Amino acid sequence: MTLCEENYGVLLRLAPHLPQLQGQLRSKPEGMAELTLSIVEQSPYTTTLRLTHLLQVEAAAQHQHPSEPDALLRAYHDAEQVEVLNLRQTVLPILSHYQAPALAAKWRVNLFVSKWLGYCLHQGYRFSVRADKTAAADSHELLPSA
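Residues numbered from 1 in each chain as written. Predicted model: local features only at pLDDT ≥ 70, side-chain atom pairs only at ≥ 80, totals over all residues. Heavy atoms only, no water.

A short note on the overall build of the chain
To keep things clear, this is the line we draw: Each helix corresponds to a stretch of at least 4 residues labelled H or I by DSSP, and each strand to a stretch of at least 2 residues labelled E; elements are numbered beginning at the N terminus. Three exposure classes are used, based on accessible area relative to the maximum for each residue type with a 1.4 Å probe and protein chains only: buried under 20%, partly exposed in between, and exposed over 50%. Whether two residues are in contact is decided by their heavy atoms, any of which lying within 4.5 Å being enough. All accessible areas in this document rest on Shrake-Rupley with a 1.4 Å probe, and a residue is counted as covered only by the protein chains that are shown.
If you tally the helices and strands in the chain, you get three helices and five strands. When its helices and strands are written in sequence order, the chain yields α-β-β-β-α-β-β-α. In the chain, which comprises 146 residues, the share counted as buried stands at 44%. Within the chain, counting contacts between residues at least 6 apart in sequence, those at least 24 apart form 45% of the total. Accessible surface, the chain: about 8,000 Å² in total, of which carbon and sulfur atoms supply 56%.

Given below as structure tokens:
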């Protein structure tokens, strides 16, 4: 449970206005791969989202999937926790496709997401929506995709 709470805290640092976000947002710090956050479902107490690194150029050269890690997450705003619903990644030796496994496997998936969220935060990824259209020029905060 503590790991799910920590993941929620880091996710809110990446996307401070998560409960109000809609659509798809992008973030691309200079020299880094693009990270997308897509809101799948928004309700008063939860947000279901997909967080994906887009690695087209790098992946094509290495014959890897062009978007990974790719995580489907549910943020519980009242409990301040994040649950991993699905995770696709092939680089590290954890489950490549999350399928509601035993507790130990679920912990490994949450630990992977924890490390990934921390990496994204450290690299300068951020998601926010500004009314000002010039925000798209800021490499750390991009407007929702059209």
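Here the narrative resumes.
Some words on unusual backbone geometry
Unlike most non-glycine residues, E80 shows phi in positive territory, near 55°. The topology assignment puts E80 in the loop between β4 (67–76) and β5 (81–88).

Examining helix α3 (residues 103–123)
The criterion, for reference: Here the expected length of a helix is defined as 1.5 Å per residue gap, with one fewer gap than residues.
Spanning 21 residues, α3 covers 30 Å between terminal C-alpha atoms, matching the ideal 30 Å at 1.5 Å per step. By the burial criterion, the buried members of α3 are A105, V109, N110, F112, V113, S114, W116, L117, C120 and L121. Those residues of α3 hidden inside the fold are in contact with α1 (2–14), β2 (34–42), β3 (46–54), β4 and β5. Phi for G124, located one or two positions after α3, is positive at around 100°.

Observations regarding a negative patch on the surface
Threshold: Patch membership requires more than 30% relative accessible area and the absence of a salt bridge. Residues of like charge join within 9 Å; the nonpolar side chains Val, Leu, Ile, Met, Phe, Trp and Tyr join within 5 Å. For salt bridges, the criterion is a side-chain nitrogen of Lys or Arg within 4 Å of an Asp or Glu carboxyl oxygen. Counted as positive: Lys and Arg. Counted as negative: Asp and Glu. His and the chain ends are not counted at all. To locate a charge, the coordinates of NZ of Lys, CZ of Arg, CG of Asp or CD of Glu are taken.
On the surface, a cluster of negative charge is contributed by E5, E6, D78 and E80. Residue position: E5 is located in helix α1. In this structure E5 comes out as partly exposed when scored by relative accessible area, which is 40%.

Points about α1
For α1, which comprises 13 residues, the first-to-last C-alpha distance of 19 Å matches the rise-based estimate of 18 Å (1.5 Å per residue) to within 8%. Among all positions in α1, only L3, C4, N7, Y8, V10, L11 and L14 are buried. Those residues of α1 that are buried are in contact with β3, β4, β5 and α3.

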